[in-house]
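Fold and contact review
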Amino acid sequence: MHPAKSVIYFTTATGAGYGLFFWLALLSFHNHLPADKAMGFVMLAVSFGLIITGLLSSTGHLGHPERAWRALSQWRSSWLSREGVMAILTFIPMGIFGVYWVFLDQNTGIAGVVGMVGAVMALVTVFTTSMIYACLKTIPAWHNIWTKIGYLVMSLMSGAVLVMALTTVFGMVDIAFHLFKPVGILLVTGLIVKAIYWRHIHSGKAVSTAESATGLGGFGKVSLAASPHSADNYLLKEMGFQIARKHATKIRLIAVILGFVLPFILIGVAMHYLQDMGRVLILCLATASCLLGLVFERWLFFAEAKHVVTLYYGQDKV
Amino acid sequence: MGQKGTMNPFKTVKEEIDYSPIVGDEVKFSTCYMCACRCGIKVHLKDGKPRYIEGNPDHPVNKGVLCAKGSSGIMHWNSPAKLTKPLLRVGERGSGDFKEIEWDEAMKIAAQWLGETRRKDPGKLAFFTGRDQSQSLTGWWAARYGTHNFAAHGGFCSVNMAAGGLYTLGGAFWEFGDPDFDRTKYFMMLGVADDHDSNPIKTGLGKMKTRGDCKFVAVNPSRNGYGAIADEWVGIRPGTDGLFIFALIHELLRAEKVDFASLARYTNAPWLVIDNPGGADHGLFLRNKKGDPLIWDLKKKKAVSAHSKIITPAFAGERKVAGKKVVPSFSHLAERYMAAEYSPDAVAETCGIPADTIRRIAAELAHAAFEEEVFIDQPWTDAWGKKHDKMIGRPVAIHAMRGISAHSNGFHTCRAIHVLQALLGSVDTPGGWRYKPPFPKPIPPGAKPTPPHFTPLTPMSGPPAGFPTDPKHLVVDDDGQPLRIDKAFSWEHPLSLHGMMHMVLRNAATKDPYGIDVLFMFMANMAWNSSMNIGETLGFFTAKNDDGSYKVPKIIYSDAFYSETIPYCDLILPDTTYLERYDCLSVLDRPFSQGHGVADGIRQPVVELDRDVRTFQSVLLELGAMLDLPGMINADGTPKYPGGYPDYLVNHEREPGLGPLAGWRGKDGDKFGRGEPNPKQLEKYIENGCFWEDKMPMSKQFFKHANKEYLEYATHMGWIAEAKPIIHQLYNEDLQRFRLAAQGHGDHQPPEEHRERTQTYFDPLPMWYKPFEERDMDASGDTDEYPIHALSQRPMHMYHSWGSQNTWLRQITNANKLHIHKDMAADIGIVDDDWVWIESRHGRVKGQVKLITGVNKNTVWTWNAIGKRKGAWGLKHDSPEFNQAFLLNHIISDVLKPNKHGYEYSNSDPVTGQAAWYDLRVKITKCAAEEFGFTEPMYEAPNGPISDADISQYGKDMQGETTASRTDIKEWIGQRHENAGSIPGIKDGHGNTIKGDKS
Amino acid sequence: MTSLPKTAPKKKLGLVIDLDICVGCHACATNCKEWNTGAKSAPLTDLNPHGNDPDGVWFNRIHTFETMSETGDSRTVHFPKSCLHCDNAPCVTVCPTGASYKREEDGIVLVNEDICIGCKLCSWACPYGAREYDETEGVMKKCTLCIDKIYNENLPVESRAPACVSTCPTGARSFGDLGDPNSDVSKLVAARQGYNLMPEQGTKPVNKYLPPRPKQDGVDAVPRTLEYADDEKGAAPLLARWVDKILSV
Ligand SMILES: Nc1nc2c(c(=O)[nH]1)N[C@H]1C(S)=C(S)[C@@H](COP(=O)(O)OP(=O)(O)OC[C@H]3O[C@@H](n4cnc5c(=O)[nH]c(N)nc54)[C@H](O)[C@@H]3O)O[C@H]1N2
Ligand SMILES: Nc1nc2c(c(=O)[nH]1)N[C@H]1C(S)=C(S)[C@@H](COP(=O)(O)OP(=O)(O)OC[C@H]3O[C@@H](n4cnc5c(=O)[nH]c(N)nc54)[C@H](O)[C@@H]3O)O[C@H]1N2
Ligand code: SF4
Ligand code: SF4
Ligand code: SF4
Ligand code: SF4
Ligand code: SF4
Ligand SMILES: [Mo]
């Protein structure tokens, strides 16, 4: 699949934004975060910023962004529609929680409960995002449980890394220490999930083949002798994206290092060996690395996914 | 469009469909010209622009279907390369620097150039037309002008098929005959990719295969296109079909599976051939005083006229008649083809076909012809007056085209195929191969080429081209040297019936045999895909004398588009497109008749002209009038056809009562074939969908060569002079006459240097020899250096150079690849999409490869005419047609290696002069990495017009208004009629019309 | 209400494509383009029409495949493909706007271009590559089964068939109601073992493909042979026999 920038940004940014919100709500609910206006504003702004720019970027690539509102109508059948509806619905508790915190200096009690509702809905939204991809039978690399788990874990993970950095920025080192273990676990889990995902898509048995696509298997092995057009058409540009194995391996390594390993090490170093500004800086670096790594991870998620339509254009199995 | 309706984001919007939009304001009928097949079209027009072009369901050729090209006519008319005004060259030839001029000036210049030449020596005008369909006009014009240097494009196209057929059966494959797809049981197709009978072949194949009681064998080095749906693909090695056919004949003869009755009556198989080695009559037929050939009658035990009503001929045995040793020609035939050298085992390796396969196919042919006879319950009378109570068909049909003809041995191979048909008795029988009226014609037709008269201002006494049957018909001087600029009808290529347009530029530029004054061309892309050896040909266009003048002094050209040839000409007379003009598809030209009846047609302007261009035929008539050409002016000097071509179509008479169009003749339009001009004739055609057809009764439809009723009809129509049977010339005495001349007999003998050649290739029986490129390589030991055959094929969706200017068609193919067998690729070490050098003895060209398995392992092929020259066709300079696509023409030499006299013959068939495109031999090597990605050779771009379109949204404003109603659908079953027989319950009919239905 | 009709439509209009006789001529592709560029989905935009990388909206495309059996038999098969108007159309269920829908009355799958937002998701969901994004117009387009031609009262009856069907020179395309077991198309499918493409995708296509029929190239069948009239090689013996023979004239 063609790795479109807008969609990569959409999924990573909203994932991180919802993840961040999840952690903010959870920590607030458990009374771990002071109801400080400024801090609330900044933290929520980061979360909302990621989510809103992500969503905007997803509508930006539409042929008719001005009609985006129409995407709400098919929530009964369409995961994209559900995602839209969920995103909007989730803004309600998220918004109320934000108003409590930023305007009423309150993030526990009712506010905490509303926040938790938002947190759960945020995760559901991330799940709906994952389902946009996971429901596509035509793309076996997406049509599996690891896509869904991956989106959820990456969201929680990137949110956790973010919240850890942000709390440190605001000098709440003890909370950061509190988060140290979950973040570590999430980074390791994230890596494991990704590893399983990658194993899965490469070991996965072919779902469809050139033989099943053409129905000519009875005559033997099927190969393409002539394409319908000399140049690449829409289908090939959109769905025929191909990435060389070597190239993919390289990018995967970058994703693993930036997304998981480096943040893990940096966070460890920051929490154990550094203090004050140094710690803040390194944690921010860890966050940046993690998010960047996820961008690579997401790029690969698209680039490595093969669409069954390519069976009509020379692929032998997908 | 009220669908935007509600703003409730959660509501599902229901679309309201326009079921019955008004398609256009008007429908006009005409005839397609996206290729030479000439299908009937219905053009829906909206605001004067074509909205949709569909096939005319009533048209005899296409019966409603349209091919990919025909369906893209809108984009042809919409081409970025359309010429808009007459052009006069101001820069150097090739630069593309022109100035636009007015028509008055253009006509004056043309008339002046042509007038000067005509006042000096009309023969110094070389008038050559490409694939046009108005040769009866252009040929007549040339003769009136007075030049013998006229021909159309057949010399580089497929004259081998025409000549092979006309000298054997009096008809030909090409577009002069077609298989009886409705009844055949065994169909063999040799060397066809798409051909002129494009839609009828496709429809026929579909029908035949759907019927399911027939076998379809494709003999072709490539398995693409038609080959893909064949029941058997015979992946023959190029240039060896003759041997394959001989081996089939060998088998049939040995098994006595030949139709002796048919041979006796319809062929010259029993005619007695004089056996007098060294004598001037050796190999000629023994004739009586009346000139009738004789046969040996076994019952009467004496020689009798072959034309006798009842005969019992001998097919073998030497006899003595009137003091001459004679043998039936069949003896010669049988003796030759039963020889061991033509046994399946002997030819298998050369042809690349297992001997067992050849034996099996021979047996299958025999089975189909003799065990699966088809009968039509239709009494008919033969030419000798004998009544037959039914028509018996030998349902073996054959069709062949340029895979046979575009080789230097194509004439003989084509004849071999016709001999095979005759032996099987399947010529124009039900289920066999059928003539399309006005064929058959006498073998060969009567006209002879007219030699030059060197007299100013004088018309020719006859047509420039014709059918030589004797050395005295050649157009040569007293020393036997060519008198035509293309050297057609000379000892080099005596039967070059269609001229040799492919040699004109070389000969004119090298002044061999002489220089000319004006070259006048119409509709042939001679600076690119119609020429072999493009590099040198471009040099011929621009070659200069010492004084700086061009060797070909003046070039006038009519094209409709900015082709590669435009920049090389001096005066451009821009033509219309096929949707903008009157045109004529005449029985006198290349008819689109079908086996069951004669048909002709017209084009009419369906869209209005939006630029300053004129129909070439009208321009030609006007030029004729300006030059005072007889027949084109009235006694008072005024133009005879002031109304241009349409005027001519209606009012011109070749002889009283015979004109370009056969339908609705006579003052009241109630006659056809013959009749006075009818002023309302064109209106009648338009009313009838732009065609006229006379469906013959079944009694005339078969055995046309010997069917009394048909022959009388053909005589009435003016197609043949008298209603005499047309006897198939398996053994060809005319050829023998040329051979005798080469052996030193007669007044007209070849010059010494051509003697051996004439002697060798004028064999009265079909022969096989190695294609010349291969022969020459064998001689010089280069065969292993260039071990691979390289071919081109026509893509079904492209027409030569026209296709690439078509927005839709060029999306299908804009860069051609070289198709290579996977095994060959493995040997050379190349993989899909590699770039390779394709190198012949003549040069090299670079292209990208595609690996396949459906091709002969010694052969590579690519699509024809996809590669274009930068600067042409209105395309942007970064187009793949210029940068990735390639032509094999660059590496096909137009001349052969010098012979022992140092002479370079044209790379053509020695008998007919047909260009030998497919004799090409190459080697293939992988390019260096830095050479990947772009083709070579690449020529500089002339200053042609370039499209500035980045996007095309044709039709955006054409959606018709709705009428909001709808009727229920009807089912459409492809080949419904044929399916009805094989599948229980499927209703009989055509398309969605069901037999018996009233709607 | 979900976007797919609750029960699959009774009437299932669709195409039957006969791979046994398709010669790969592309007529159906260009005639489709020609009709539709001025019809419901007008225009079928072409990008770079006269330059590099020309690319346009097509509803129908022709592929060519080769097959190779274990014993080395190979064949070439031309393979046209347009929307299969699936009963279980994933392109419909993924669509967030309802622009992509399957008609209850005849099963035709259409795009309502007036509400399509151009998210392309349906093209990802279609296994067959039957959806065409028009970049210039910002909406998805696809084969309409020529809905404004097949029902069009302004056209003569013989034109009321999908453009690709009425133009196909070989007759490889048929059109009708595949939901009616008694229709001619259904009979055709039954008689010729028509099949679905990628059945494992669960799309339940309406369009059916008729497989190429077995070759008759003598590999399987008992080969025919000729009996020679004379076993001796060469022409002489036969010619000698023919000298006085009246050869069934
Ligand atoms: N390598 C290779 N080369 C080949 C062949 C091959 O098989 N292989 N085949 C050969 C054969 S058989 C042929 S016939 C030739 C064909 O090749 P050409 O004769 O070159 O045919 P086209 O290029 O189709 O058309 C010739 C010219 O006619 C112009 N034209 C089109 N429509 C009109 C019109 O309405 N009026 C006028 N005045 N001009 C018009 C076109 O713009 C073009 O410049 O190619 C030959 N060349
Ligand atoms: N679509 C389309 N139709 C056309 C044209 C076009 O440009 N496009 N051009 C028109 C013109 S001008 C012409 S002359 C006709 C020509 O019509 P065709 O004769 O059908 O055209 P070619 O492309 O020359 O096809 C030659 C075929 O012969 C095969 N072949 C080559 N060498 C041999 C051989 O030695 N033996 C055998 N058995 N086969 C061989 C090639 O593989 C190829 O399939 O088509 C006309 N129709
Ligand atoms: S075969 Fe095609 S291009 Fe040729 S005349 Fe017919 S429809 Fe036109
Ligand atoms: S028009 Fe018919 S024969 Fe040609 S490609 Fe389409 S389906 Fe095949
Ligand atoms: S073929 Fe594709 S576009 Fe057509 S209905 Fe099926 S899934 Fe939808
Ligand atoms: S592109 Fe249009 S039709 Fe396709 S899913 Fe999106 S909104 Fe629906
Ligand atoms: S049914 Fe109509 S829209 Fe669909 S492929 Fe055929 S011609 Fe095109
Ligand atoms: Mo030709």
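What this report covers is the structure whose coordinates are included nearby. The model shown is predicted, which means the values in this text are computed figures rather than measured ones.

So, on to the pattern of salt bridges. Side-chain pairs of opposite charge can arise whenever the charged atoms involved come near each other. By the definition in use, this model includes 98 salt bridges over all chains. Among the salt bridges present, the one from Lys 708 of chain B reaches Glu 712 of chain B, with a minimum N-O distance of 3.5 Å. In this pair, Lys 708 of chain B and Glu 712 of chain B are both assigned in helix 20 (residues 708-717), 4 residues apart and thus about one turn of the helix distant. In this structure, Arg 61 of chain C engages Glu 132 of chain C in a salt bridge whose closest nitrogen and oxygen atoms are separated by 2.5 Å. One end of the pair, Arg 61 of chain C, is in strand 4 (residues 60-68); the other, Glu 132 of chain C, is in strand 8 (residues 131-134), with 71 residues separating them in the sequence. Owing to a relative accessible area of 4%, Arg 61 of chain C belongs among the buried residues under this scheme. Classification of Glu 132 of chain C as buried rests on a relative accessible area of 1%. By sharing partners, the salt bridges in this structure join Arg 287, Asp 470, Glu 733, Asp 734 and Arg 737 of chain B into a single network.

Every contact between the two is made by 118 residues of chain C and, on the other side, 130 residues of chain B. Approximately 10100 Å² of surface area, both sides summed, lies buried where chain C meets chain B, with 55% of it carried by carbon and sulfur atoms. Across the chain C-chain B interface, the total number found is 11 salt bridges. Across the pair Arg 223 of chain B and Glu 66 of chain C runs a salt bridge, and its minimum N-O distance is 3.5 Å. Taken together, chain C and chain B are joined by 71 residue pairs in polar contact (both at pLDDT 80 or more). The biggest single contributor to the side of chain C that touches chain B is helix 1 (residues 27-36) of chain C, with 6 residues.

Here the focus is the sheet that holds strand 28 (residues 691-695) of chain B. All names here are of chain B. On the basis of which strands lie adjacent, the open sheet formed by 3 strands has the order 26-27-28 and antiparallel pairing. Two strands bound the open sheet, and with one partner strand each, they are strand 26 (583-585) and strand 28. The sheet shows a mean angle of 10 degrees between the axes of neighbouring strands, taken without regard to direction. In the sheet, strand 26 pairs with strand 27 (residues 597-603) via 3 bridges, with the strands oriented antiparallel. Its bridge partner being in strand 27, Leu 585 is matched across the sheet by Gly 601.

Moving on: the site of ligand 1. Residue and element names in this part refer to chain B. As a matter of local geometry, ligand 1 sits amid 30 residues, with Asn 529, Asp 559, Ser 801, Trp 802 and Asn 889 nearest to it. Between ligand 1 and the protein, one listed contact pairs an oxygen atom with a backbone N or O atom of Asn 525 at 3.0 Å. Here an oxygen atom of ligand 1 and a side-chain polar atom of Ser 530 are 2.7 Å apart. Out of a free accessible area of 900 Å², ligand 1 has 99% covered by protein chains. Mapped by element, the contributors of at least two residues to the shell around ligand 1 are helix 4 (154-157) and strand 24 (554-558). Residues belonging to the shell around ligand 1 are distributed by class as follows: 12 nonpolar, 12 polar and 6 charged.

A separate point is the interface of chain B and chain A. Taken together, the 17 residues of chain B in the interface contact 14 residues of chain A. Here chain B and chain A share an interface that buries about 1100 Å² over both sides, 47% of which is from carbon and sulfur atoms. Area buried by chain B at its contact with chain A is led by Pro 9, Phe 10 and Ile 812 of chain B, which between them contribute 39% of it. Here chain B is connected to chain A by 0 salt bridges. Taken together, chain B and chain A are joined by 7 residue pairs in polar contact (both at pLDDT 80 or more).

Scoring rules and cut-offs
Residues numbered from 1 in each chain as written. Chains lettered and ligands numbered in written order. Predicted model: local features only at pLDDT ≥ 70, side-chain atom pairs only at ≥ 80, totals over all residues. Heavy atoms only, no water. Salt bridge = Lys/Arg side-chain N within 4 Å of Asp/Glu carboxyl O. Helix = DSSP H or I, 4+ residues; strand = E, 2+ residues; numbered from the N terminus. Buried < 20%, exposed > 50% of the residue type's maximum accessible area, 1.4 Å probe, protein only. Contact = heavy atoms within 4.5 Å. Buried area = accessible area lost by both parts, 1.4 Å probe. Polar contact = N/O pair within 3.5 Å; in protein donor to acceptor, adjacent residues only side chain to side chain. Pairing = 2+ DSSP bridges. Axes fitted to C-alpha atoms, helices over the stretch in contact; angles between N-to-C directions. Near = heavy atom within 4 Å. Areas by Shrake-Rupley, 256 points an atom, 1.4 Å probe, with all protein chains shown as cover. Nonpolar A, V, L, I, M, F, W, Y, C, P; charged D, E, K, R; others polar.

Structural measurements only, silent on function.
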